[in-house]
Amino acid sequence: MPERTKSKKYVIVTGGVISGLGKGIVAASLGLLLKSKGYKVTIQKLDPYLNVDPGTMSPFQHGEVFVLDDGSETDLDLGHYERFIDIDMGRANNTTAGQVYYDVIEKERRGDYLGSTVQIIPHVTDQIKQRITALEKDHDDLEIILTEIGGTVGDIESLPFLEAVRQFQQERGPENVIIVHVTLIPFVQASAEMKTKPTQHSVMRMREIGLQPDILVCRTEYTLTRDIREKLALFCNVKAERVIQGLDAKTIYEVPLFFNREHLSEIVLERLGMDDRPAELTYLRRFVNHIANPATTVTIGVAGKYVQLVDAYKSIIEAFAHAGVDNDCKVEIRWIDAEQNEAAENIEAELEGLDGILIPGGFGYRGIEGKIRAARYAREKGIPFLGICLGLQVAVIEFARFVAGLENANSTEFDENTPHPVIHLMPSQETVTTKGATMRLGAYECKLRKDTKSFLAYGETHITERHRHRFEVNNDYREGLEKAGMIISGTSPDDMLVEMVELKDHPWFVATQAHPELKSRIGRTHPLFREFVHAAVKFHHNR
Ligand code: GLN
């Protein structure tokens, strides 16, 4: 058999006209639909920026860094992929131009290119193709690989990636590699018209570099008429039935259902020469229905420092959506700028009327005192509280200062000279100084103490959670904190690291050093979010 027919199937997702069209949601939704038809799928993202990974990018600019089990720091779209298709992804699921160039330059320095002139074509494009196919090498059972190319067609940065796709399609055959182009159909109010020209131009750009979209996914505020579909078909050289409408949805979880009505996965399978099968989507319909018809609404305050760009807390927002479904409620989030509201009176006013308080992860001193006030407020008023990573550290500092009587207790991240470094770097970490090098990243095991709220939430004693932090609870203070009434409910299996804490005399005050929000998925809500929202609903009704 020639190599071609044995090939895995690839769906390349590109974007046109403008950024921010939700290509990631399109890829995740298509992945979900194909999976619901019983196919083994995964999704990868190729990012054309030059950072080696988003780990060093500001959350203000780039949103959340999504950490995987293997410790790789990836684009937030990977979060959508995992939430929608419910698989654990790895390093090979996200590649950046930075990584590609890094590989090429390393090879050049090693002399791997045997004296040839190193060029974008073929050396960079070869490296990109190697990264595209890395997943099929590791996972033989995969049937369809979706590859989302970040950026917009026409960007200089995207060019080597699109050229690599052209070569790849050439090598594997058009029956094995198809292209879904996500584009925008704007509506011009003045003439009350939908406009196809931007899409025509973006497809023209694609064709200039030798790529012909097989399917157009058109983001639009209004229903696409037959006429518009036919016009797009004619000018873009795509069959009219392969012009898919992507209407704005009330919740992203509705998007796969929209696309299902447009037969998106059927068309993809047909183009790939694969059988169509019935889709199992009952659970998703139920899920979306729940989101649309909640019995109550609870308001949860999130006291962070990146609240101007809520993409920085994407996974938290989604985990609340999932937990709302389980608790038959809508979780309304009140964003509290911990930095702007550092003064006690300010933050108290902002926290008034909340049914729960969450302190998310974060780095740096700004906003810390505001967060400590928020934790204190939750503790004293018996408001359900969930601390995540920095949120645990803040809860420990607050408890140390105001319950255990350790004046000016702090983390050495914020005050190197604190008399009570309740949060610090472990001595073993202190010698490593390169930025990023001491970070505890990826999945770590944790053992839970029975008879705790943490254990009750998880329902098991051995759990694994993802981490991304440098500082740890100082073991020298454990005894003192416990004596004062803090429960250390989870530790590393060797007992050396504090992983979870909670309060005895409080309805629900739980904090974790990990990032549980990264593991909440449709139909598999993270237990801590489920229980936290449950406590918030109870608190709401008892007010
Ligand atoms: N800044 C803290 C640390 O490095 C917490 C990090 C986080 O919340 N992700 O330990």
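Located above this text is the structure these notes cover.
Residues numbered from 1 in each chain as written. Predicted model: local features only at pLDDT ≥ 70, side-chain atom pairs only at ≥ 80, totals over all residues. Heavy atoms only, no water.

Peer 1: Which parts of the structure should I look at to understand empty space enclosed by the protein?
Peer 2: Empty space among the atoms can be located by rolling a probe the size of a water molecule over them. What the rule picks out here adds up to two cavities of 30 Å³ or more. Estimated volume of the largest cavity: approximately 40 Å³. Lining of the largest cavity is provided by Tyr-444, Cys-446, Ile-463, Glu-465, His-467, Glu-499, Met-500, Thr-512 and Ala-514. Secondary structure elements with two or more residues in the lining of the largest cavity: strand S18 (440–448), strand S19 (462–469) and strand S22 (498–503). Examining the composition of the lining of the largest cavity, we find that three residues originate from one element, S19, more than from any other. Residues of the lining of the largest cavity, tallied by class, amount to five nonpolar, two polar and two charged. Empty space within the second largest cavity amounts to approximately 30 Å³. Partitioned by chemical class, the residues of the lining of the second largest cavity number three nonpolar, six polar and no charged. (1 Å grid on protein atoms, 1.4 Å probe; cavity = no way out; pocket = protein on both sides within 12 Å on 5 of 7 lines; lining within 4 Å. Points joined across faces, edges and corners; volume = space filled by probe spheres on them. Helix = DSSP H or I, 4+ residues; strand = E, 2+ residues; numbered from the N terminus. Nonpolar A, V, L, I, M, F, W, Y, C, P; charged D, E, K, R; others polar.)

Peer 1: Would you explain the site of the ligand in this entry?
Peer 2: Looking at the ligand, the residues that line it are Gly-361, Gly-362, Phe-363, Cys-389, Leu-390, Gln-393, Glu-413, Arg-468, His-469, Arg-470, Phe-471 and His-515. At 2.9 Å from an oxygen atom of the ligand is found a main-chain nitrogen or oxygen belonging to Gly-362. Between Phe-471 and the ligand, the recorded distance is 2.8 Å, taken from a backbone N or O atom to an oxygen atom. For the ligand, whose free accessible area comes to 300 Å², the fraction covered by protein is 99%. Broken down by secondary-structure element, the contributors of at least two residues to the shell around the ligand are helix H17 (390–402) and S19. Class assignment of the residues belonging to the shell around the ligand gives a composition of four nonpolar, five polar and three charged. (Near = heavy atom within 4 Å. Polar contact = N/O pair within 3.5 Å; in protein donor to acceptor, adjacent residues only side chain to side chain. Areas by Shrake-Rupley, 256 points an atom, 1.4 Å probe, with all protein chains shown as cover.)

Peer 1: Looking at this structure, I do not really get the pattern of salt bridges. What am I missing?
Peer 2: Scanning the model with the defined rule gives 44 salt bridges in all. Between Arg-401 and Glu-369 there is a salt bridge; the shortest N-O distance is 3.0 Å. Here Glu-369 lies in helix H16 (residues 368–381) and Arg-401 lies in helix H17, a separation of 32 residues in the sequence. Using a relative accessible area of 16% as the deciding quantity, one classes Arg-401 as buried. Between Glu-398 and Arg-379 there is a salt bridge, with its nearest N and O atoms 2.7 Å apart. Separated by 19 residues along the polypeptide, Glu-398 in helix H17 and Arg-379 in helix H16 bring together distant segments of the chain. (Salt bridge = Lys/Arg side-chain N within 4 Å of Asp/Glu carboxyl O. Buried < 20%, exposed > 50% of the residue type's maximum accessible area, 1.4 Å probe, protein only.)

Peer 1: Explain the packing of helix H2 (residues 23–36) against helix H4 (residues 77–85) to me, please; I cannot follow it from the model alone.
Peer 2: For any two helices packed against each other, the geometry is given by the interaxial angle and the distance between the axes. Here H2 crosses H4 at 20°, and the two axes come no closer than 9 Å. The angle between H2 and H4 falls in the class roughly parallel. The chirality of how H2 crosses H4 is right-handed. Contacts from Gly-24, Ile-25, Ala-27, Ala-28, Ser-29, Gly-31, Leu-32 and Lys-35 of H2 reach H4 at Asp-77, His-80, Tyr-81, Phe-84 and Ile-85. The residue inventory of the contact of H2 with H4, partitioned by class, reads seven nonpolar, four polar and two charged. (Axes fitted to C-alpha atoms, helices over the stretch in contact; angles between N-to-C directions. Parallel < 35°, antiparallel > 145°, perpendicular 65-115°, else oblique. Left-handed = near helix turned anticlockwise from the far one by under 90°. Contact = heavy atoms within 4.5 Å.)

Peer 1: Please explain the packing of aromatic side chains as it appears in this structure.
Peer 2: One pair of aromatic rings is described through two measures. These are the centre distance and the angle between the planes. For the structure shown, the criterion picks out 10 aromatic pairs. Centre to centre, the rings of Phe-320 and Phe-532 are 6.1 Å apart; their planes meet at 40°, and the pair counts as tilted. One end of the pair, Phe-320, is in helix H14 (residues 314–326); the other, Phe-532, is in helix H20 (residues 527–542), with 212 residues separating them in the sequence. Judged on exposure class, the residue Phe-320 and its partner Phe-532 are both buried. Here the aromatic residues Phe-320, Trp-508, Phe-529 and Phe-532 are joined through ring pairs into a cluster of three or more. The aromatic ring of Tyr-39 is capped on one face by Arg-277, whose charged end is 3.8 Å from the ring centroid. When the ring centre of Tyr-444 is taken as reference, the NZ or CZ atom of Arg-440 above it lies at 4.8 Å. (Phe/Tyr/Trp six-rings, centres within 6.5 Å; stacked < 30°, edge-to-face > 60°. Lys NZ or Arg CZ within 6 Å of the ring centre and 35° of its normal.)

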